[in-house]
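Given next are the chains, with one letter for each unit.
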Amino acid sequence: MDFFVCLSGAIEIIDLAETGEDVVTTHGPRMFTGELDLFNDRKILVDGRVTDGTTICRVARADFARMMSAEPDIAEIVMRAFILRRTAFLVHDQAGVTLAGPANGGDTLRITRFLGRNGYPLQRVDTDDTEQADAFFAKHPQARSALPVVIHGDGTCLSNPNNHEVAVALGLTEDFDPDHIYDVAVVGAGPAGLAAATYAASEGLDTAVIEQEAPGGQAGTSSKIENYLGFPTGISGQALAGRAWIQAQKFGARFAVSRAITALDCDERPYTLRMECGERVRARVIVVASGARYRTLDVDDYEKYEGQGIHYAATAIEARLCINKDIIVVGGGNSAGQAAMFLSRHAKHVHMLVRGPSLAATMSDYLVQRLEASPRITIHAQTQITGLHGDPLLEQVSWTNAAAGEESTHQIANIFVMIGAVPNSDWLEDCLETDGKGFVMTGGKDENGDVAAPYATSKPGIYAVGDVRSGSVKRVASGVGEGSVVIASVHQYLASLDD
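Residues numbered from 1 in each chain as written. Predicted model: local features only at pLDDT ≥ 70, side-chain atom pairs only at ≥ 80, totals over all residues. Heavy atoms only, no water.

1. Some remarks on the pattern of salt bridges
- Under the criterion given, the structure shown has 22 salt bridges.
- For Glu21, the salt bridge identified is with Arg49, shortest N-O distance 2.7 Å. Remark: Arg49 occurs in strand 4 (residues 47–50) and Glu21 occurs in strand 3 (residues 20–27); sequence separation between them is 28 residues.
- The exposure class of Arg49 is partly exposed, given its relative accessible area of 35%.
- A salt bridge links Asp41 to Arg61; the nearest nitrogen and oxygen atoms lie 3.6 Å apart. Taken together, the positions of Asp41 in the loop between strand 3 and strand 4 and Arg61 in helix 1 (residues 61–70) put the pair 20 residues apart, joining distant regions of the chain.
- When salt bridges that share partners are traced, they join Asp41, Arg61, Glu174 and Arg254 into one network. (Salt bridge = Lys/Arg side-chain N within 4 Å of Asp/Glu carboxyl O. Helix = DSSP H or I, 4+ residues; strand = E, 2+ residues; numbered from the N terminus. Buried < 20%, exposed > 50% of the residue type's maximum accessible area, 1.4 Å probe, protein only.)

Here it is in structure tokens:
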């Protein structure tokens, strides 16, 4: 869609909802159209029409991009308006889709998380609520046996789709030309990947970003980050990632979400990234920023409850499941501490299970003091989960205190697991050197025997930053720093190719 300025008359912005056309807002003289999707090739969320006697100024997409780069005062106004408009869609459940299914169902939660983390508005219908279910099934009787379902305003209905199917149907991702060669392809859109994409694109490099789920990575699931420089009151991981994602797009970086990389062809240059969906991306430089994921617990029936009782994120979506209920947070790091503090505002009581004797060695002191001072949080040291019970959803949890040798069982339906780190490096196979745990080795010798750049891997033109890199500090700030600094090495490498 192009960018339009209303010179006279009015432009009506329309949400094509299930109930018919809904005029979201009306732009009068000197007002302009558009929201965040004007920075990418995603499908637009709303439509528009002019009233009789309206005069408009039409700015083509390419000209709009040049204007945003050349006119910073105008760009600031437009950017603020676009962000606020998308926020309004999310807050007021406008211009999105309807998701119907049992509120606590694993697939319903999966789709809710996926759309929420990708900034896509949705209306939720809890089919376990009789009143909501009756009203919904009266309109969509065929959906009763196909839950959960995603229904778009144009009538499109998806029955229990996977994340990739949702992304394709709603236009959440961008398609890449398989024959186009990018300067830089960034794998992963966590803090390190977003920083690399932003700096690369802002410095004129043709940049592509491939992300398996949504911008933010593991940090995007954090309810609040309080020790990140410049945010004295803290900022949620999703908010921080959302800002960086918009920033990278403003400079021209292109994003493909819900695209899992299955292989890296590193024997030929330019390098080729192969995706699960069959697509490929070619680039002269690869930045590996695929991050890490939390470890799982070695408990019977663990996989049965993943996504419907066992969670790896603590956001507003999960908080709704915990209202006035006892919950468990497993882990002794900052992520677990922030999750416990956030969830304690909603849950009846938070039981924090820690394998070690205390939190002092693994968590920031300010968080330890808050946890110990909270009457709604109990820290159980030297304690591990030893049993999970319930069918089909989690209903009871047993834990054992190693010091006392006692096991107890509690009525708990939600566990938040935030322990350890496993690198997302399986897709690299034998292409790059890794340590014994699978983290990518960097900073050794280059192909000429000289000392390599600090983030250079065992293959020229391939760099690793963030949590996936061996020896990295697992902090948001360090990931951002590595992602921004690595672009200097990328420039040097690309310059060597042109010599």
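2. Some thoughts on the packing of aromatic side chains
- In the structure shown here, the tally under the stated rule is 9 aromatic pairs.
- Aromatic pair Phe39 and Phe64: ring centres 5.9 Å apart, planes at 40 degrees, arrangement tilted. Of the two residues, Phe39 is situated in the loop between strand 3 and strand 4 and Phe64 in helix 1; the sequence distance between them amounts to 25 residues.
- Note on Phe39: relative accessible area 13%, which makes it buried. (Phe/Tyr/Trp six-rings, centres within 6.5 Å; stacked < 30°, edge-to-face > 60°.)

3. A short note on empty space enclosed by the protein
- With the rule as written, the count across this model stands at 2 cavities of 30 Å³ or more.
- Estimates place the volume of the largest cavity at around 40 Å³.
- Here the lining of the largest cavity is composed, by residue class, of 4 nonpolar, 5 polar and no charged.
- One number sums up the size of the second largest cavity: a volume of about 30 Å³.
- Looking at the second largest cavity, the residues that line it are Asn40, Arg42, Leu172, Glu174, Trp245, Gln249 and Phe255.
- In terms of residue class, the lining of the second largest cavity is built from 3 nonpolar, 2 polar and 2 charged. (1 Å grid on protein atoms, 1.4 Å probe; cavity = no way out; pocket = protein on both sides within 12 Å on 5 of 7 lines; lining within 4 Å. Points joined across faces, edges and corners; volume = space filled by probe spheres on them. Nonpolar A, V, L, I, M, F, W, Y, C, P; charged D, E, K, R; others polar.)

4. Describing the sheet that holds strand 24 (residues 415–417)
- Strand order in the open sheet made by the 5 strands is 17-24-18-19-20, with parallel pairing throughout. Two strands lie at the open edges of the sheet, namely strand 17 (310–311) and strand 20 (377–381), each paired on one side alone.
- Bridging between strand 18 (residues 326–330) and strand 19 (residues 349–354) involves 5 bridges; their strand directions are parallel. Residue pairing for strand 19: Ile327 is matched across the bridge by Val350. (Pairing = 2+ DSSP bridges.)

5. A look at unusual backbone geometry
- Following Leu147, the chain continues into Pro148 via a peptide bond in cis, with omega recorded as -5 degrees.
- Position of Pro148 relative to the elements: it lies in the loop between helix 4 (130–139) and strand 8 (149–151).
- With an omega dihedral of 0 degrees, the bond running from Arg269 to Pro270 counts as a cis peptide bond.
- Tracing the sequence through the fold places Pro270 in the loop between strand 13 (261–265) and strand 14 (271–275).
- In this structure, Asp93 is a non-glycine residue whose phi angle is positive, near 55 degrees.
- By secondary structure assignment, the location of Asp93 is in the loop between helix 2 (72–91) and strand 6 (97–101).
- Here the phi dihedral of Ser258 falls at roughly 55 degrees; this positive angle occurs in a residue that is not glycine.
- Position of Ser258 among the secondary structure elements: in the loop between strand 12 (254–256) and strand 13.
- Given a relative accessible area of 8%, Ser258 falls into the buried group.

6. Let's talk about the pairing of strand 13
- Bridge count for strand 13 against strand 14 is 4 bridges, and the pairing is antiparallel. Pairing of Ala263 across the sheet is with Arg274, part of strand 14.
- The hairpin formed by strand 13 and strand 14 contains 5 residues between the paired strands.

7. Observations regarding helix 5 (residues 163–170)
- For helix 5, every residue scored as buried is listed here: Asn163, Val166, Ala167 and Leu170. Here the buried residues of helix 5 occupy an arc of 100 degrees about the axis, which is enough to place them on one side.
- Where the residues of helix 5 are buried, they touch strand 6, helix 3 (106–117) and strand 9 (157–159).
- Its side-chain oxygen at 3.1 Å from the backbone nitrogen of His164, Asn162 defines the N-terminal cap of helix 5.
- Remark: Gly171 follows helix 5 within two positions and exhibits a positive phi of approximately 70 degrees. (Arc of directions from axis to C-beta. Contact = heavy atoms within 4.5 Å. Polar contact = N/O pair within 3.5 Å; in protein donor to acceptor, adjacent residues only side chain to side chain.)

8. Focus on the environment of Val486
- The residue Val486 is located in helix 12 (residues 476–498) in this model.
- By relative accessible area, which is 0% here, Val486 ends up buried.
- For the pair Val486 and Ala195, spaced 291 residues apart in sequence, the C-alpha separation works out to 9.5 Å.
- Residues within four places of Val486 in sequence aside, it is in contact with Ala196, Tyr455, Tyr463 and Val465.

9. Observations concerning the packing of helix 1 against helix 2
- Where helix 1 meets helix 2, the axes come as close as 6 Å, and the angle between the chain directions of the two elements is 115 degrees. The orientation of helix 1 with respect to helix 2, classified from their angle, is roughly perpendicular. Two secondary-structure elements touch here, helix 1 through Phe64, Met67, Met68 and Ala70 and helix 2 through Pro72, Ile74, Ala75, Val78, Met79 and Phe82.
- Its residues assigned to classes, the contact of helix 1 with helix 2 comprises 10 nonpolar, no polar and no charged. (Axes fitted to C-alpha atoms, helices over the stretch in contact; angles between N-to-C directions. Parallel < 35°, antiparallel > 145°, perpendicular 65-115°, else oblique.)

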